[in-house]
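Structural overview for review
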Amino acid sequence: MEKYTKMEINALINKPQSNIKTNKKRVTAASIAGSAIGIGAAVAGVYAMAKRRNPMTTLKNLTYEEGDVLLIGAGSVLGGLTGGLMADKNKNNKTLKLREASQQFIGNMVFPISILAGANKLLNKYVIKSLENLSARDMVIKTAVCIASLVGGMELGNAVMNRVNNKIFKEEIKHDVHAEDYLVHADDLCLTANMVLKDFKQISAITSKILPLTFIVAGSKTGMQQSEKSINL
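Treat the numbers as computed from the prediction; the structure is a model and nothing was measured.

Glancing now at the overall build of the chain. Within the chain, the secondary structure is distributed over 8 helices and 0 strands. Secondary structure elements of the chain, listed N to C terminal, follow the sequence α-α-α-α-α-α-α-α. Within the chain, contacts between residues at least 6 apart in sequence are counted, and of these 81% link residues at least 24 apart. Of the roughly 13200 Å² of accessible surface on the chain, 65% is carried by carbon and sulfur atoms.

In structure tokens form, the structure reads like this:
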């Protein structure tokens, strides 16, 4: 629990609660909007690159590779961070937002997605006999590897970033993985289902639409970070 000085307590008492609520609402709205804009820009970029490779590509049949997923994640986090910083009157919250941005992108995205990509390559090379005709055993293995890679990658990523951020920002804070953090990987779980159930075209169509939306939480959480001592509103 944070400790308050006498000056901070007086400021909190004298500061109208309506101003505090208004600031929080403004920061929340700006963070969500910024994240959405960042996601939209990233998707537009991915679509433009895919269109160059294959002129027949449309938004309906657009699929995402690991690099595309990271690009969308970066757009979400940068957008949410920018929106939150612009709307937050208390500049003391900047460090918390920057710290959350690194945790979300590197800890919750780069680590798990990289581990998943590497695990899938090894799996396809040494374990899966045929990618065209997956057996029931192959389906179970692929699904298990996907879940293990995401969960293990996020735990490892956040543990590493906790140490790095504690040194960079010179403050001991433990960032735990929360249930909503896994939402950004709903796309990977859906894509895994699509991969093992490849004959169901409807699944692929749904995952391509869901994927960008799953990143809204990461960007929004980044911009919304505020200290309990946010009194300079």
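Bringing helix 8 (residues 216-224) into the picture now. Because an α-helix packs 3.6 residues into every turn, residues spaced three or four apart end up facing the same way. The buried count for helix 8 comes to 7 of 9 residues, which makes it a mostly enclosed element. Those residues of helix 8 lying buried are Val217, Ala218, Gly219, Ser220, Lys221, Thr222 and Gly223.

Our next topic: the nonpolar core. Within the largest apolar cluster, 17 residues are counted, with the highest numbers of intra-cluster contacts made by Tyr64, Val69, Ile72, Met109, Leu211 and Phe215. Residue assignment for this core shows that the elements contributing at least two residues are helix 2 (17-53), helix 3 (66-87) and helix 4 (94-126). Counting residues in hydrophobic clusters, the runner-up holds 5 residues, among them Ala119, Leu123, Ile128 and Leu134.

In this fold, Leu81 is placed in helix 3. Looking at Leu81, the relative accessible area reads 11%, which means it is buried. In sequence terms Leu81 and Ala101 are 20 residues apart; their C-alpha atoms lie 6.9 Å from each other. Setting aside residues up to four positions removed in sequence, Leu81 forms contacts with Lys97, Leu98, Ala101, Gly219, Thr222 and Gly223.

Counted according to the given criterion, the structure contains 2 salt bridges. A salt bridge links Lys97 to Asp88; its shortest N-O distance comes to 3.1 Å. There is no split in this pair, since Lys97 and Asp88 are both buried. Across the pair Asp138 and Arg137 runs a salt bridge whose closest N-O atoms are separated by 3.0 Å.

In this section: the side chain of Arg99. Locating Arg99 in the fold gives a position in helix 4. Nearest to the buried, unbridged Arg99 among oppositely charged side chains is Glu171, at 5.2 Å. Beyond its immediate chain neighbours, meaning those up to four positions away, Arg99 contacts Asn162, Asn165, Asn166, Phe169, Glu171 and Ile173.

This part is about the packing of helix 4 against helix 8. Their axes nearest at 7 Å, the elements helix 4 and helix 8 cross at an angle of 155 degrees. With respect to each other, helix 4 and helix 8 are oriented roughly antiparallel. As for how helix 4 packs across helix 8, the hand of that crossing is right-handed. In contact with Lys97, Glu100, Ala101, Gln104 and Met109 of helix 4, helix 8 contributes Ala218, Lys221, Thr222, Gly223 and Met224. For the contact of helix 4 with helix 8, the residue count by class is 4 nonpolar, 3 polar and 3 charged.

About the criteria used
- Residues numbered from 1 in each chain as written.
- Predicted model: local features only at pLDDT ≥ 70, side-chain atom pairs only at ≥ 80, totals over all residues.
- Heavy atoms only, no water.
- Helix = DSSP H or I, 4+ residues; strand = E, 2+ residues; numbered from the N terminus.
- Contact = heavy atoms within 4.5 Å.
- Areas by Shrake-Rupley, 256 points an atom, 1.4 Å probe, with all protein chains shown as cover.
- Buried < 20%, exposed > 50% of the residue type's maximum accessible area, 1.4 Å probe, protein only.
- Core = buried A, V, L, I, M, F, W, Y, C linked by side-chain atoms within 4.5 Å.
- Salt bridge = Lys/Arg side-chain N within 4 Å of Asp/Glu carboxyl O.
- Lys, Arg positive; Asp, Glu negative; His and termini not counted.
- Axes fitted to C-alpha atoms, helices over the stretch in contact; angles between N-to-C directions.
- Parallel < 35°, antiparallel > 145°, perpendicular 65-115°, else oblique.
- Left-handed = near helix turned anticlockwise from the far one by under 90°.
- Nonpolar A, V, L, I, M, F, W, Y, C, P; charged D, E, K, R; others polar.

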